[in-house]
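If you want the building blocks of each chain, they are given just below.
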Amino acid sequence: MTQDNGELDSLVRKRIRALRVAQGWSLDELAGRARLSPSTLSRIETGQRRLALDQLVTLARALDTSLDQLVETATDDVIASPVIDAAHQLMRWPVKADPGMTVVRQRMTDPPPDNPARMRAHPGHEWLVVLSGTAILMLGNRRFRVETNQAAEFPTMLPHAIGAEGGPCEILGIFDRDARRGHQSGEKAGNAVGRPSP
């Protein structure tokens, strides 16, 4: 890659510096990890040295990223529209960077089930934030009250259910691939109680 590549060249240099700064590393620290001299790394970041492919591969590894991510320029699919599931009062967005993840926004009106036998467990991990109202998270034999702007994160192998308390609540949930599959299979079996169906 040469400096004649203009925008891409500049983007890669800025990305290298931004990733280094995000890690809290000095030029010396990243240079040591990439087996470069600090002055060489400085010249790469500032555009005073040609970007060589072997250096980019080494820098990508040192920054714990891939060469593809370091030189990626695709920004066409920045905006995504939700898939709307009116029956369950939810919107669902896939996460393009990780096709196994799903983001779900749901309005809940029912409380969580009283019967622990109606709580579900499945492989995976979930994270949710309450956008408005108050949610109740039943997790194993514990009950958590999650207020507006509070978040909860938990492994889904614990029996769990979520519902509203004292009126409707709206949540935003992030499901990994296994959690998403667990909810989809639960929905097909007809026992998705108080949970979104990613």
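For the structure given in this document, a descriptive report is provided here. The structure presented is a predicted model; accordingly, all values stated were derived computationally and were not measured. (Residues numbered from 1 in each chain as written. Predicted model: local features only at pLDDT ≥ 70, side-chain atom pairs only at ≥ 80, totals over all residues. Heavy atoms only, no water.)

1. Brief notes about the packing of helix H2 (residues 27–34) against helix H4 (residues 53–62)
- Two elements in contact, H2 and H4, have axes separated by 8 Å at closest approach and are oriented at 110 degrees. Taken as axis vectors, H2 and H4 run roughly perpendicular relative to one another. Handedness of the crossing formed by H2 with H4: right-handed. Of the residues in H4, those touching H2 at Leu 30, Arg 33 and Ala 34 are Thr 58, Leu 59 and Ala 62.
- Per-class residue counts for the contact of H2 with H4 are four nonpolar, one polar and one charged. (Axes fitted to C-alpha atoms, helices over the stretch in contact; angles between N-to-C directions. Helix = DSSP H or I, 4+ residues; strand = E, 2+ residues; numbered from the N terminus. Parallel < 35°, antiparallel > 145°, perpendicular 65-115°, else oblique. Left-handed = near helix turned anticlockwise from the far one by under 90°. Contact = heavy atoms within 4.5 Å. Nonpolar A, V, L, I, M, F, W, Y, C, P; charged D, E, K, R; others polar.)

2. Some points on the pattern of salt bridges
- Under the definition given, this model contains six salt bridges.
- The salt bridge involving Arg 13 is made with Asp 9; its shortest N-O contact spans 2.6 Å. Of this pair, Arg 13 and Asp 9 both sit in helix H1 (residues 7–23), four residues apart, which is roughly one turn of that helix. By the burial criterion, Arg 13 is buried, and Asp 9 matches it.
- A salt bridge links Arg 143 to Glu 165, with the shortest nitrogen-to-oxygen separation between them at 3.2 Å. Taken as a pair, Arg 143 in strand S6 (residues 142–146) and Glu 165 in the loop between strand S8 (160–164) and strand S9 (169–175) lie far apart in primary sequence, 22 residues in all.
- Arg 143 gets classed as exposed once you look at its relative accessible area, which sits at 51%.
- On the accessibility criterion, Glu 165 (25% relative accessible area) is partly exposed.
- Residues joined in a network through salt bridges with shared partners are Arg 143, Arg 145, Glu 147 and Glu 165. (Salt bridge = Lys/Arg side-chain N within 4 Å of Asp/Glu carboxyl O. Buried < 20%, exposed > 50% of the residue type's maximum accessible area, 1.4 Å probe, protein only.)

3. A short note on the sheet that holds strand S4 (residues 125–132)
- Spatially, the six strands line up as an open sheet ordered S1-S2-S3-S9-S4-S7, and their pairing is antiparallel. In the strand order of this sheet, the two ends are held by strand S1 (83–85) and strand S7 (151–155), each with one partner. Within this sheet the neighbouring strands show an average axis-to-axis angle of 20 degrees, counted without direction. (Pairing = 2+ DSSP bridges.)

4. Here we look at the pairing of strand S2 (residues 90–94)
- Sheet topology places S1 next to S2; three bridges connect them, and they run antiparallel. Across the sheet, the residue bridging to Ile 84 is Met 91, located in S2.
- Across five bridges, the pairing between S2 and strand S3 (residues 102–108) is antiparallel. Paired with Trp 93 across the two strands is Val 103, which belongs to S3.

5. Regarding the environment of Asp 85
- Structurally, Asp 85 can be placed in strand S1.
- Taking the C-alpha atoms as reference points, Asp 85 and Gln 106, separated by 21 residues in sequence, lie 9.4 Å from one another.
- Polar side-chain contacts of Asp 85 include one of 3.3 Å to the backbone nitrogen of Ala 87. (Polar contact = N/O pair within 3.5 Å; in protein donor to acceptor, adjacent residues only side chain to side chain.)

6. A look at the sheet that holds S8
- The sheet built from three strands is open, its strands ordered S6-S5-S8 with antiparallel pairing. Every interior strand has two partners, whereas the edge strands, S6 and S8, have only one. If you compare each strand with its neighbour and ignore which way they point, the axes differ by 20 degrees on average.
- As defined by bridge partners, strand S5 (residues 135–139) adjoins S8 across five bridges and the pair is classed as antiparallel. Each bridged residue has a counterpart across the sheet, and for Ala 135 the counterpart in S8 is Ala 164.

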